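Listed below are the residues making up each chain.
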Amino acid sequence: GFHMNNNNSHLDNTNAVGGVSSPLQLPKSPTWDDLQNIGDVIAGVHLHQREDFLIFLSQSDCAYIKLLLNLFPPAEGRGEDMTELAVIIKTILLLNDPEIIEYVTSDAPTFESVCAVLEYDPELREKANHREFIQKCAKFRTVVKMEDDELVSQIHHLFRVTYLRDNVLRPTMDESSLSTLVSLAQFTQSDIIKGVITAPKVKVAGAGGVASELPGLSYLTKVVRLLAVEIDAIRTVISGEDESNAGPICQNQPIEEESDVTTMWQQHLAPQDSSLSSRHIRRKGCLMFLKELFCKARVSLQQPEKDEFIESCVSNSKLLYLLGAILSDPNVGVDEQGAALEMVSVVAMHDPCVIRRHCLQGAGTAAESSSNEMFSCLRPDPNDHREVIFICPPNDLLLSILFVMSTAADAGILLQTSEIIRIILDTDIVGDQGTSLNGSFMNEENDINAMNSQNIRHDTGLEEQNSFLALFYDRYIQWLVAPFQYKLFISKSILPLLSESNQDESFSAINRIRQEFKHCSASEEKSLTSVAGCAVRSSFTLEILSFCVRAHVYRMKFFILRTRLLGTILKMLCQKAPHPHQMASGGKCLKLASLKFLRSVLSVKDEFYHRHIVQYNLFAPVFDAFRITPVGRNLISSAVLEMCDFIRTENIKSLLEYIVTKHLTKSASPGEKSLEDIANPHVDTFAQLRRTHEENIGMHLDPNNEEGNPGNDGATFNGRPAPVINKKALEDQRKYREAESEDSYFNDDDDDDEVMGPLPNDENASSLPAMSDTASLLADVSSLE
């Protein structure tokens, strides 16, 4: 065991005799001269002595550690070497004892003394400056004053734990040495989140002088209400209305002065006046607090607690509406946009059905109070110059997300937005909750009843998903592709928050602006700002569209064929960048994204897509890009070759015939090489493509016709000499078709066959009218209905 030695002049550490350890003696009142011996004793503690040593250090509120820390101030004043004391304190902390760590991080003076000693850690390259940061730089800032002293104390405790873990100890230690601090931080975060969302009890004097307790407002509710007030006030001021109509804000609270105890930080409230700049500060403060709260809840709470947190944040407040108002404001900075997107991302990853349900409820409420003409004004409506103005209502969360996707230029914001859109549109994702809802299947006593309830929830969820996808493809996807089709403009002014009283008036204002814009040029309107082109933004959008092609096969096919979107996107393959450096970075990225979109269309293996490609000659810009791009060690040419190889291996006959007869023929220009000549030094993809096509049609040219003159009385086939097919070729063709039909029985998608129906046997499919594919698809839609 460890015993106090009243003689402070030495530290006695005797050797073990007969396998029994002799007691270790520590000085009762350690002095500066004892530090080297104390360090040796601590470093020599054996594993079987560790528990007794920790009990000795933690007794009486870590009294012995306090004695060691009390040696620091006078020694620093004398200019002593602090290395030995810093090593002793650090070694004690790295023992990972919960009681010692809890006391050091809970007691403010002890924490500050530990940080002061560890400024002289010998493993640091230069002396740290922890005290200056703690006393002068660290501020406890709030937008709404916290009345709960226990909650404030927990927040201060969490700051000390994280600062000790991340700044004081981590620079020289690995994660395993800080396990106690990591666990303590997680439990403290969980307690703070519960304190923020829990409504305190308020005593109210009742009848007869009997006091009763009623639930008050939680701190989360106060912050969300303040955020709503500030968003409404800022939008009202910017939209040109009088600021006095913005409504009252919370009472002004003076900034409190710091106390003598430097680590007991006082609350520093944001400016409480009603100026526009102060309102911006309070709005940003609310968003930053909520972002931090959501991030901590995602990593700290268990699943039932996380469900309760999301429910209290989303269902019991208008938080998602407010986040939509933030995202729809073109004047909001990147940090505020990122905070709003972070919160939406947490909700979407927890359960995307929450976002879908919110969008459906908003659309249902708007449909009840407005006519269909109101919704038509939210779709792109170009003017004569193919220009579109994007005015986003503040209460539409999904349209606000698409607004960010269509106008933002920051790569981080675009990445975050595209991930949110993909999660919302991916109907196979069930979120963090798992496949069962709240684990009710395992909790049911009767398995049959549990299965029935699960089937009911599954049917309800499937109906909700179909309704959301129908809403998305009816009203929203047009804005996702609008930047590829039109020149986009946004308005510098914004609309106030919509309510039941001003909703019709706001929609009328949007419709009036769009009608005025339709009959004039955007350059004549000073209140409009053009959205500059951005290759990164377009690439992220194409990633989303590629995902939609694979995930929503039928809906996306109908949309692409109706809008001819594929041809519009592939035209970007031949567009030249305005500046050479854009081609070196964003231009290539955009071209690769365009090719990936085409590759996603081909991967569906739908004959409607194939006929659409042949009808509008959509491989022309693809091969033009292949010609101007050097072959070999190039992603663009490799992507084109991979697509052609996919068409060959999947034996897509219509595209094989189209590519071979339309693009693999010798060029009419004498100085221009054919595609085969360009690719043959490196790969033989196009030669194999031609060979597969010839095998499909059973082509064997007459060996006696050496000059290549047309045989069969001068007949031709697609501009080339007609094939001479003998009996052996016909027999080989028959066997090939029989084998292919047997393989297709297992490879074809029965559902797609039922949806598409039999394809017309028309050799002149490429000469059909412009909307023939759409007409056939509409016929299939009517048959399904």
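See the structure shown above.
This write-up is about the structure you can find in this document. All figures in this text were calculated on a predicted structure; none of them were measured in a lab.

## Regarding the side chain of serine 637
Turning to step 1, where the next piece is worked out: Here serine 637 is to be found in helix H28 (residues 635-650).
Turning to step 2, where the next piece is worked out: On the accessibility criterion, serine 637 (1% relative accessible area) is buried.
Turning to step 3, where the next piece is worked out: Within polar-contact distance, the side chain of serine 637 engages the backbone oxygen of asparagine 634 at 3.1 Å.

## Topic: unusual backbone geometry
Turning to step 1, where the next piece is worked out: Notably, cysteine 62 is not glycine yet its phi reads approximately 55°, a positive angle.
Turning to step 2, where the next piece is worked out: By the element assignment, cysteine 62 lies in helix H2 (residues 50-69).
Turning to step 3, where the next piece is worked out: Although it is not a glycine, lysine 605 sits at a positive phi angle of roughly 55°.
Turning to step 4, where the next piece is worked out: Checked against the element boundaries, lysine 605 lands in the loop between helix H25 (580-604) and helix H26 (607-615).

## Some remarks on the packing of aromatic side chains
Two aromatic rings, taken as a pair, are described by how far apart their centres are and by the angle between their planes.
Turning to step 1, where the next piece is worked out: Under the criterion given, the structure shown has 14 aromatic pairs.
Turning to step 2, where the next piece is worked out: Here the aromatic rings of phenylalanine 390 and phenylalanine 403 are separated by 5.1 Å at their centres, their planes lie at 80°, and the arrangement is edge-to-face. A residue pair is termed long-range when its members are at least 10 positions apart, and phenylalanine 390 in strand E7 (residues 387-390) and phenylalanine 403 in helix H17 (residues 397-407) qualify at 13 residues. With respect to class, phenylalanine 390 is no different from phenylalanine 403; both count as buried.
Turning to step 3, where the next piece is worked out: Aromatic side chains phenylalanine 472 and tyrosine 473 sit 5.3 Å apart centroid to centroid with 90° between the ring planes, which places their arrangement in the edge-to-face category. Comparing phenylalanine 472 with tyrosine 473, the two get one shared label, buried.
Turning to step 4, where the next piece is worked out: The side chain of arginine 599 reaches across the aromatic face of phenylalanine 646, ending 3.9 Å from its centre.

## Thoughts on the pattern of salt bridges
Two side chains of opposite charge can pair, provided their charged atoms sit close to one another.
Turning to step 1, where the next piece is worked out: Considering all chains together, one arrives at 26 salt bridges under this definition.
Turning to step 2, where the next piece is worked out: A salt bridge links lysine 127 to glutamate 119, with the shortest nitrogen-to-oxygen separation between them at 3.0 Å.
Turning to step 3, where the next piece is worked out: On the basis of relative accessibility, which here comes to 46%, the residue lysine 127 falls in the partly exposed class.
Turning to step 4, where the next piece is worked out: The network of salt bridges with common partners includes Glu76, Glu119, Lys127 and Arg131.

## Looking at the pairing of strand E8 (residues 487-491)
Turning to step 1, where the next piece is worked out: Burial runs high along E8: four of the five residues are buried.
Turning to step 2, where the next piece is worked out: Bridge analysis of E7 against E8 gives four bridges, and the strand direction is parallel. Its bridge partner lying in E8, valine 388 is registered against leucine 488.
Turning to step 3, where the next piece is worked out: Relative to strand E9 (residues 528-530), E8 runs antiparallel, the two being bridged by three bridges. When the sheet's bridge partners are listed, isoleucine 490 is paired in E9 with threonine 529.

Rules behind the numbers
- Residues numbered from 1 in each chain as written.
- Predicted model: local features only at pLDDT ≥ 70, side-chain atom pairs only at ≥ 80, totals over all residues.
- Heavy atoms only, no water.
- Helix = DSSP H or I, 4+ residues; strand = E, 2+ residues; numbered from the N terminus.
- Buried < 20%, exposed > 50% of the residue type's maximum accessible area, 1.4 Å probe, protein only.
- Polar contact = N/O pair within 3.5 Å; in protein donor to acceptor, adjacent residues only side chain to side chain.
- Phe/Tyr/Trp six-rings, centres within 6.5 Å; stacked < 30°, edge-to-face > 60°.
- Lys NZ or Arg CZ within 6 Å of the ring centre and 35° of its normal.
- Salt bridge = Lys/Arg side-chain N within 4 Å of Asp/Glu carboxyl O.
- Pairing = 2+ DSSP bridges.

Any link to function would need more than the numbers given here.
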